[in-house]
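Tertiary structure, described
Spelled out, the chains give:
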Amino acid sequence: MAGVSLALRLGISFMKFSLLLLLLAYQSHSFYLPGVAPQDFVTGAELKVKVNKLTSTKTQLPYSYYSLPYCPPDRIVDSAENLGEVLRGDRIENSPYVFKMREPQQCQILCRITLDAKTAKQFKEKIDDDYRVNMILDNLPLVVPIPRFDQENAVVYQHGFQVGLKGQYAGSKDQKHFIHNHLTFTVKFHKDSQSNLARIVGFEVKPFSVKHDYDGQWKNENTRLTTCDPHARRAVTSSESPQVIEDKKDVIFTYDVAFEESEVKWASRWDTYLLMADDQIHWFSIVNSLMIVLFLSGMVAMIMLRTLFRDISKYNQLETQEEAQEETGWKLVHGDAFRPPTNSDLLCVYAGTGVQFFGMILVTMIFAALGFLSPSNRGGLMTAMLLLWVFMGLFSGYASARLYKMFKGTEWKKITLKTAFMFPATIFAIFFVLNALIWGEKSSGAVPFGTMFALVFLWFGISVPLVFAGSYIGFKKPAIEDPVKTNKIPRQIPEQAWYMNPVFSILIGGILPFGAVFIELFFILTSIWLHQFYYIFGFLFIVFVILIVTCAEITVVLCYFQLCSEDYLWWWRSYLTSGSSAIYLFLYATFYFFTKLDITKPVSGILYFGYMLIASYAFFVLTGTIGFYACFWFTRLIYSSVKID
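Since this is a predicted model, take the numbers as computed values, not measurements.

**Remarks on the overall build of the protein**
Scanning the protein from N- to C-terminus turns up 16 helices and 13 strands. Out of the 645 residues belonging to the protein, those deemed buried represent 51%. The long-range fraction of contacts in the protein, counting pairs at least 24 apart against all pairs at least 6 apart in sequence, stands at 81%. Within the structure as shown, the protein displays about 31400 Å² of accessible surface, and the carbon and sulfur contribution to it stands at 61%.

**Overview of helix H16 (residues 602-639)**
The end-to-end C-alpha distance of H16 is 54 Å, a good match for the 56 Å that 38 residues give at a rise of 1.5 Å each. Counting buried positions along H16 gives 29 out of 38 residues, so the element sits mostly inside the fold.

**Let's talk about unusual backbone geometry**
Of note in the backbone geometry, Cys107 takes a positive phi value of approximately 55 degrees without being a glycine. Relative to the helices and strands, Cys107 resides in strand E3 (residues 105-114). For Cys107, a relative accessible area of 8% gives the class buried. In the Ramachandran plot, Lys442 falls in the positive-phi region, its phi being about 55 degrees despite a non-glycine side chain. Here Lys442 lies in the loop between helix H10 (412-440) and helix H11 (449-476).

**Overview of the state of the cysteines**
This model, assessed by the stated rule, comprises two disulfides. Paired through a disulfide, Cys71 and Cys111 show a sulfur-sulfur distance of 1.8 Å. One quick way to see it: the torsion about the S-S bond of Cys71 and Cys111 is about -80 degrees, and its sign makes the bridge left-handed. Linking Cys71 in the loop between strand E1 (46-55) and helix H2 (83-88) with Cys111 in strand E3, this pair joins segments that are 40 residues apart in sequence.

**Focus on the nonpolar core**
In this structure, Trp330, Phe357, Trp570, Trp571 and Tyr639 are the most contacted members of the largest nonpolar core, which totals 106 residues. By residue number, the principal contributor to this core is helix H13 (residues 537-564), which donates 19 residues. Aside from chain neighbours lying at most four places away, what touches Trp330 is Leu308, Asp311, Ile312, Tyr315, Tyr560, Leu563, Cys564, Ile638, Tyr639 and Val642. By size, the runner-up hydrophobic cluster in this structure holds 55 residues, among which are Leu61, Tyr70, Tyr97 and Val251.

**Side note on the packing of helix H8 (residues 380-391) against H11**
In the contact formed by H8 and H11, the axes pass within 8 Å of each other and the chain directions differ by 35 degrees. In this structure, H8 uses Leu386, Leu387, Val390 and Phe391 to contact H11, whose residues at the interface are Leu455, Leu458, Ile462, Ser463 and Leu466. Tallied by class, residues from the contact of H8 with H11 come to eight nonpolar, one polar and no charged.

**Quick look at the pattern of salt bridges**
In the structure shown here, the tally under the stated rule is 14 salt bridges. Where Asp128 meets Lys166, a salt bridge forms, and the shortest distance between an N and an O atom there is 3.4 Å. Taken together, the positions of Asp128 in helix H3 (residues 117-128) and Lys166 in strand E9 (residues 164-168) put the pair 38 residues apart, joining distant regions of the chain. Look at Asp128 and you get partly exposed, because its relative accessible area is 29%. With a shortest N-O distance of 3.0 Å, Lys176 and Glu246 are connected by a salt bridge. Residue Lys176 is found in strand E10 (residues 175-179), and its partner Glu246 is found in the loop between strand E12 (198-208) and strand E13 (250-261); the two are separated by 70 residues along the sequence. In the salt-bridge network here, residues are joined through shared partners; they are Lys53, Arg88 and Asp90.

**Side note on the side chain of Thr416**
Residue position: Thr416 is located in helix H10. At a separation of 2.6 Å, a polar atom in the side chain of Thr416 contacts the main-chain carbonyl oxygen of Trp412. Excluding anything up to four places from it in sequence, Thr416 contacts Val467, Phe468 and Ser471.

**Focus on a nonpolar patch on the surface**
A contiguous nonpolar patch, built from Ile366, Phe367, Leu370 and Phe372 and spanning about 350 Å² of accessible area, is present on the exposed surface. Note on placement: Ile366 falls in helix H7 (residues 344-369).

**Observations regarding the packing of aromatic side chains**
Scanning all chains against the criterion turns up 60 aromatic pairs. On the basis of an interplanar angle of 65 degrees and a centroid distance of 5.8 Å, the ring pair of Tyr63 and Tyr131 is categorised as edge-to-face. Of this pair, Tyr63 sits in the loop between E1 and H2 while Tyr131 sits in the loop between H3 and strand E4 (132-137), placing them 68 residues apart in sequence. For the pair shown, Tyr63 and Tyr131 are each scored as buried. Directly above the ring of Tyr131 sits Lys126, whose terminal nitrogen or CZ lies 5.5 Å from the centroid. Its end group placed over the ring of Phe475, Lys405 keeps NZ or CZ at 5.3 Å from the ring centre.

**Brief notes about H8**
In this model H8 runs 16 Å from its N-terminal to its C-terminal C-alpha over 12 residues, within 8% of the 16 Å that 1.5 Å per residue would give. Its buried side turned inward, H8 meets H2, H7, helix H9 (393-406), H10 and H11.

**Points about the packing of helix H15 (residues 581-596) against H16**
H16 packs onto H15 with a crossing angle of 155 degrees between their chain directions and a minimal axis gap of 8 Å. By the criterion of interaxial angle, the relationship of H15 to H16 is roughly antiparallel. Crossing of H15 over H16 shows right-handed handedness. Contacts between H15 and H16 involve Ser581, Ala582, Leu585, Phe586, Ala589, Thr590, Tyr592, Phe593 and Phe594 on the former and, on the latter, Gly605, Tyr608, Phe609, Met612, Leu613, Ser616, Phe619, Phe620 and Thr623. For the contact of H15 with H16, the residue count by class is 13 nonpolar, five polar and no charged.

So, how was this worked out
- Residues numbered from 1 in each chain as written.
- Predicted model: local features only at pLDDT ≥ 70, side-chain atom pairs only at ≥ 80, totals over all residues.
- Heavy atoms only, no water.
- Helix = DSSP H or I, 4+ residues; strand = E, 2+ residues; numbered from the N terminus.
- Buried < 20%, exposed > 50% of the residue type's maximum accessible area, 1.4 Å probe, protein only.
- Contact = heavy atoms within 4.5 Å.
- Areas by Shrake-Rupley, 256 points an atom, 1.4 Å probe, with all protein chains shown as cover.
- Expected span 1.5 Å × (residues − 1).
- Disulfide = S-S within 2.5 Å.
- Core = buried A, V, L, I, M, F, W, Y, C linked by side-chain atoms within 4.5 Å.
- Axes fitted to C-alpha atoms, helices over the stretch in contact; angles between N-to-C directions.
- Nonpolar A, V, L, I, M, F, W, Y, C, P; charged D, E, K, R; others polar.
- Salt bridge = Lys/Arg side-chain N within 4 Å of Asp/Glu carboxyl O.
- Polar contact = N/O pair within 3.5 Å; in protein donor to acceptor, adjacent residues only side chain to side chain.
- Patch = residues over 30% accessible without salt bridge, like charges linked within 9 Å, V, L, I, M, F, W, Y side chains within 5 Å.
- Phe/Tyr/Trp six-rings, centres within 6.5 Å; stacked < 30°, edge-to-face > 60°.
- Lys NZ or Arg CZ within 6 Å of the ring centre and 35° of its normal.
- Parallel < 35°, antiparallel > 145°, perpendicular 65-115°, else oblique.
- Left-handed = near helix turned anticlockwise from the far one by under 90°.

So this is what it looks like as structure tokens:
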């Protein structure tokens, strides 16, 4: 009867996992909740353009807009930013660009600057590093439309425009640097059919490099240019006579504004930014991974049900002690299977930290899939993850304390301190070193001391007390009882076959969880390091569920094989089996660095591998905890289902 009961429970569990995956696959389209309220504009209303950071995929170091000698407003005002925006390196400020709603402008002069050797060098360095200028209008980022020649009427949008370009004059071999000093803006709006109000649904630009000329004396904004004159209907349409960057050269910054009515509604205005060019590949990869895992779930469930049912039935039908002594398999190590492992305190800390990570990611995924963390709310995703991490400290302390008490530990304050400080201190130390490197480069991506203090306050002021509270609650509850009695003297482990070697089985076990997520990992790395939006959280949630199932299944299977070979040291191996997928994640990140990125500066390379090391470490803790608790549940289930004298 015990074998039948175990078989039914395992079968029901795997059926629940499969049904959940199918349900998520059917409902992968998440609805969109905008992050800001819509704003209506009447004709002639003032539209203020804001400037954001300068970004480059070659250096990964953002700089503020006014780090270059662009035309400043009368007074530079920083916009209020949330914690996530500061950590992302955003620096949103006002600009001298002022539009009038639905009133086109042509050849508006911003200012004239005279370059010196220092400013010319600054512009040249930014052009060499492919820096792009980012602007914002009504919370929409500026994009450059680029036609796709492989598809008719298809357009790809690049975020921001390049500071300038490099080229040669006709008949010359000397390479020059040219600045984009004329911008042709296009503001798309959706008009209300019943009123004169309109909403902004698009913000595009075409940059040009033009060496402006004018007659007479310079009269600031009232100067009449010969290269660009609205009175003579002369507009800038090309960069045939570009503005070179050299010492003592004058540069005149100008812009045009055109307004274009659009059928796109305000609620759908982010669709063009979130459009993925390779959506068919993405769909295929997700469906393929889903089918593989569903097939794996069925196979594992069938194998485990048949094998366990046979084992448990055979063990429970043994009539004599002599017969039991002649048997081999996982039952023989019942007296040692729940013996506390070596470094049990460290295992408790890692298990508690993994629970904290799991709770943070699960809640973040749910809110993101429902649309609450839209890209229009800049920094919202990172802010939410930080706050959730802090508040999940309650569950971290509880999980580590429960496991620690099961291991007969008594110093709960000691294990609580380790849980509260060990992992965060490691991450904070790496982050502090990387931030010092960014600070040395004078980049806006460096976290200010005020923000650093806020992070420390969240850690010590909220997270640590919550970890202590959770640990106190968990330790005061009755301990988890082992299903079987532990022997006083440890049993000798027989010699293992080559395929059960701990290192080999751990590395093999990590391949499957990584294989379930590595395609999605490509999109995530692309969005982070190539400065693209990532907003397919419905897909990501499916992949996360696939990762959970895969980690649990592969760990349970290898744990079962390990126990069958009479090796009862399953505690750490269950954690490392699925956790080893982090090794493959870091190796893939290394492959991505050398094949997809164009980073040449040593500091930028250190930043990349530093942040990917943090991500891999976090992935190790997450996947290791999932595998550990799956194996913990499995071993308790099978040993509680057999009769042991």
